[in-house]
Amino acid sequence: MTPLMWSPDIWWALFGHFLALSLMSIGGVITLVPDMHRRLVTDAGLLNDTDFTSAIALAQAAPGPNVLFVALMGWYSGGLGGALVSMVGIMLPSTTLALAVSRWVSTRRHWLSVQAFQAGMVPVTIGLLLATGWHLAPPIQTAPKALLLSAVIALLVWRTKVSLIWLVAAGAVLGGLGLV
Amino acid sequence: MPDASAVQGEQGKGGDEAGLDRPHSLWHLFVAFSALAMQGFGGVIAVAQRELCERRRWLTPQDFVELLSGAQVLPGPNVCNLSLMIGDRFFGWRGALVALAGMIAAPMALMLTLAWLLGEAANVGHAQDVIRHALGGIAAVAAGQIIGTVLKLAAPVKDHVLGWPACVALAALAFSMMAWLHWPLVWVLLGLGSLTCVGTYVLLRRRAVGKGSTA
């Protein structure tokens, strides 16, 4: 992996894919993971499975918004330039729309259609987010202990206020020692 | 924002009572968002709430929840949309861009450096295996964190206008379409999403009419 690789063809492809995905990222960019896998790994072959999973794992481990896994996918496919065009692609449409809509909606909160949209999307968003967790969860056949770890973490996040950084650290240590 | 002055006016009035503060410059805004982004491991929402409402006192918890629900409905990363809206509230579109830049710039620089170092370390024999296994452990934690967050987010559904059994069924349907049928996301959003929105609209309208006739 050379950070300063020059590959405009890959950059254009990445930019196009993320630009197209941006406006579908209701509920967070993480809900797009299954679709990104289909486009970038299965169809276009820009990334292999290992890099795809590492990008998500590393972004979860590092501080900052989770959307930065998109920069890492760009990095693994097209170096520094790939990281930058991927972030611009995923952010530009949604940012423009979010700013425009939040200004528009703030003057029309009493509209029934606005309220119906806000409430109506909630169950769909929850289902999509769950599918993302499912996609990232370790397979029970090959990694039952890792799946048990996921289940315990889910319970801790749901029921306690334990700091998320400790959970990430515990995962790194257990994984590094080969225990999960 | 057409009603920015009105919102800020209300904020200002409420601010005196609640002792609310505000960022005094774009630079102040940038530093604050960089600082909270760099503390947010495995999700920024919790840190954002603590920093913005409790430590810096720029927003009341009520403001925060309202902005967040708007940010979650719109496409785009939730915390990035939230940054945009908060920046916009204090300094208009320039504030929106500065808050967003603060949220992204420093963590992105750190993460790419980390990815580069890990790539170099990968060439050093045994280190590659340890790092790969550690990342595997972190991925398992990441999956658990997302599922735990889903369980938290599901709690308010019990008061949903569609009723909680319908919500659970709809969420299960969306999940199945993505996880088992592997449908493209846009079909799920347009198909199932528009159905639930129309259904919610009909119920809200009926409720509004019902209230109107009893009044």
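Rules behind the numbers
Starting afresh in each chain, residues are numbered from 1 along the sequence in its written order. Just so you know, chain letters begin at A and ligand numbers begin at 1, following the order they were written in. At least 70 in pLDDT is required for a residue's local features to be given in this predicted model, at least 80 for side-chain atom pairs to be given and counted, and no such filter applies to totals for whole chains, interfaces and linings, which use all residues. Where helices and strands are cited, they refer to DSSP runs of H or I of at least four residues and of E of at least two residues respectively, numbered from the N terminus. Here exposure depends only on C-beta density: within 10 Å of a residue's C-beta, 20 or more other C-beta atoms make it buried, 12 or fewer make it exposed, and intermediate numbers make it partly exposed, the C-beta atoms being placed from the backbone. In this description, a residue-residue contact is defined by the distance between C-beta atoms placed from the backbone, which must lie within 7 Å. Polarity classes work like this: nonpolar for Ala, Val, Leu, Ile, Met, Phe, Trp, Tyr, Cys and Pro, charged for Asp, Glu, Lys and Arg, and polar for all others, with Gly in that last group. A set of buried residues qualifies as a nonpolar core if it consists of Ala, Val, Leu, Ile, Met, Phe, Trp, Tyr and Cys joined through C-beta atoms within 7 Å. Residue ranges labeled as domains rest on an automatic or database domain assignment. Multiplying 1.5 Å by the helix residue count minus one yields the expected span of that helix. Here the arc refers to the set of directions running from the helix axis out to each C-beta atom. Confidence scores per residue from the predictor, reported as pLDDT, run from 0 to 100.

### Notes on the overall build of chain B
A count of helices and strands for chain B gives 8 helices and 0 strands. Reading chain B from its N terminus to its C terminus gives the helix and strand order α-α-α-α-α-α-α-α. Looking at chain B as a whole, 39% of its 215 residues are labelled buried. The long-range fraction of contacts in chain B, counting pairs at least 24 apart against all pairs at least 6 apart in sequence, stands at 48%.

### Notes on the interface of chain A and chain B
One frequent convention defines the size of an interface as the accessible area lost when the parts assemble. Opposite the 94 residues of chain A that make contact, chain B presents 91 residues. Listed by contribution, the elements that provide at least two residues to the side of chain A that touches chain B are helix H2 (33-43), helix H3 (49-61), helix H4 (69-105), helix H5 (112-136), helix H6 (144-159) and helix H7 (164-176) of chain A. Of the residues in the side of chain A that touches chain B, the class split is 64 nonpolar, 28 polar and 2 charged.

### Observations regarding the environment of B:Ser34
All names here are of chain B. Structurally, Ser34 can be placed in helix H2 (residues 26-39). When the 19 C-beta atoms within 10 Å are taken as the criterion, Ser34 is described as partly exposed. Considering only alpha carbons, one finds Ser34 and Met103, 69 residues apart in sequence, at a separation of 5.3 Å. Not counting residues within four places of it along the chain, the set of residues in contact with Ser34 comprises Gly102, Ala105 and Ala106.

### A closer look at the nonpolar core
Membership of the largest hydrophobic core comes to 116 residues, with the highest contact counts inside it found for A:Leu58, A:Val70, A:Ala71, A:Leu72, B:Met111, B:Ile138 and B:Ala174. At 17 residues, the largest contribution of residues to this core is made by helix H5 (residues 78-121) of chain B. Composition of this core by domain shows at least three residues from each of domain 1 (4-121) and domain 2 (150-214) of chain B. Leaving out residues up to four positions away in the same chain, A:Leu72 has contacts with A:Ala55, A:Leu58, A:Ala59, B:Met111 and B:Ala115.

### Brief notes about H6(A)
At 3.6 residues per turn, the α-helix brings residues three or four places apart onto the same side. Taking 1.5 Å of rise per residue, 16 residues should cover 22 Å, and H6(A) covers 23 Å from first to last C-alpha, within 8% of that figure. Considered for burial, the residues of H6(A) that qualify are A:Ala146, A:Leu149, A:Ser150, A:Ile153, A:Ala154 and A:Val157. Taken down its axis, H6(A) places every buried residue within 140° of arc, on the same side. Exposed side of H6(A), more than 90 degrees from the buried face: A:Pro144, A:Lys145 and A:Arg159 are the residues found there. The inward-facing, buried residues of H6(A) abut H7 of chain A together with helix H6 (126-154) of chain B.

### Let's talk about the confidence of the model for chain B
Taken as a whole, chain B shows an average pLDDT of 81; of its residues, 83% reach a score of 70 or greater. Model confidence for the complex is summarised by a pTM of 0.70, with the ipTM given as 0.73.

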